[in-house]
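Secondary and tertiary structure notes
Residues per chain are reported as follows:
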Amino acid sequence: MSRKSRLKKKNKQKLQKRFEEVSPQVEDEVVDDLTVDSDQSNQVDKKKVVAAESDSIIDTPTRKLIGRDVRMILFTLVGLAIVLVAVKILQQQSGYIDTFGNWLYKITNIQTM
């Protein structure tokens, strides 16, 4: 075997290891499910393959992180909506918002032309 061929083989093996580390090992489970359920119809097998593939796109820890982020975004949006409604009601009931706006304008010394 030439040196070039050995280097190519080593590089292929390294790449294969990287892909195996990155990609989840769901393919083995799908194959096992298909061999065990060989008596059932092909439609059921296809559904399992599709379900397993959809599960393998995002792994469980990533799903948990995404779920936590989505919940945080929803809580933030609900909190902002509550603050805006409270400010609107306070503005209608009293003049505190207008006086706060005038005070903020004077303190920040905004120059308009």
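Being a predicted model, the structure only gives us computed values, none of them experimental. (Residues numbered from 1 in each chain as written. Predicted model: local features only at pLDDT ≥ 70, side-chain atom pairs only at ≥ 80, totals over all residues. Heavy atoms only, no water.)

Regarding its fold elements, the protein chain presents five helices and zero strands. In sequence order, the protein chain lays out its α and β elements as α-α-α-α-α. When the 113 residues of the protein chain are sorted by exposure, 4% land in the buried category. (Helix = DSSP H or I, 4+ residues; strand = E, 2+ residues; numbered from the N terminus. Buried < 20%, exposed > 50% of the residue type's maximum accessible area, 1.4 Å probe, protein only.)

We now examine the confidence of the model for the protein chain. Residues of the protein chain with pLDDT of at least 70 account for 67%, and the chain-wide mean is 77. Within the protein chain, the lowest mean pLDDT, 51, falls on helix α2 (residues 26–36), and the highest, 93, falls on helix α4 (residues 60–93). (pLDDT = per-residue confidence, 0-100.)

This paragraph deals with the packing of α4 against helix α5 (residues 96–108). Packed helix pairs are characterised by how far apart their axes lie and by the angle those axes make with each other. Where α4 meets α5, the closest approach of the two axes is 7 Å, and the angle between their N-to-C directions is 100 degrees. Between α4 and α5, the interaxial angle falls into the category roughly perpendicular. Contacts from Val87, Leu90 and Gln91 of α4 reach α5 at Tyr96, Ile97 and Asp98. Within the contact of α4 with α5, the residues separate by chemical class into four nonpolar, one polar and one charged. (Axes fitted to C-alpha atoms, helices over the stretch in contact; angles between N-to-C directions. Parallel < 35°, antiparallel > 145°, perpendicular 65-115°, else oblique. Contact = heavy atoms within 4.5 Å. Nonpolar A, V, L, I, M, F, W, Y, C, P; charged D, E, K, R; others polar.)

Okay, a positive patch on the surface next. Residues Arg3, Arg6, Lys10, Lys14, Lys17 and Arg18 make up a contiguous surface patch of positive charge. Within the secondary structure, arginine 3 sits in helix α1 (residues 3–22). On the accessibility criterion, arginine 3 (64% relative accessible area) is exposed. (Patch = residues over 30% accessible without salt bridge, like charges linked within 9 Å, V, L, I, M, F, W, Y side chains within 5 Å. Areas by Shrake-Rupley, 256 points an atom, 1.4 Å probe, with all protein chains shown as cover. Salt bridge = Lys/Arg side-chain N within 4 Å of Asp/Glu carboxyl O. Lys, Arg positive; Asp, Glu negative; His and termini not counted. Charge placed at Lys NZ, Arg CZ, Asp CG, Glu CD.)

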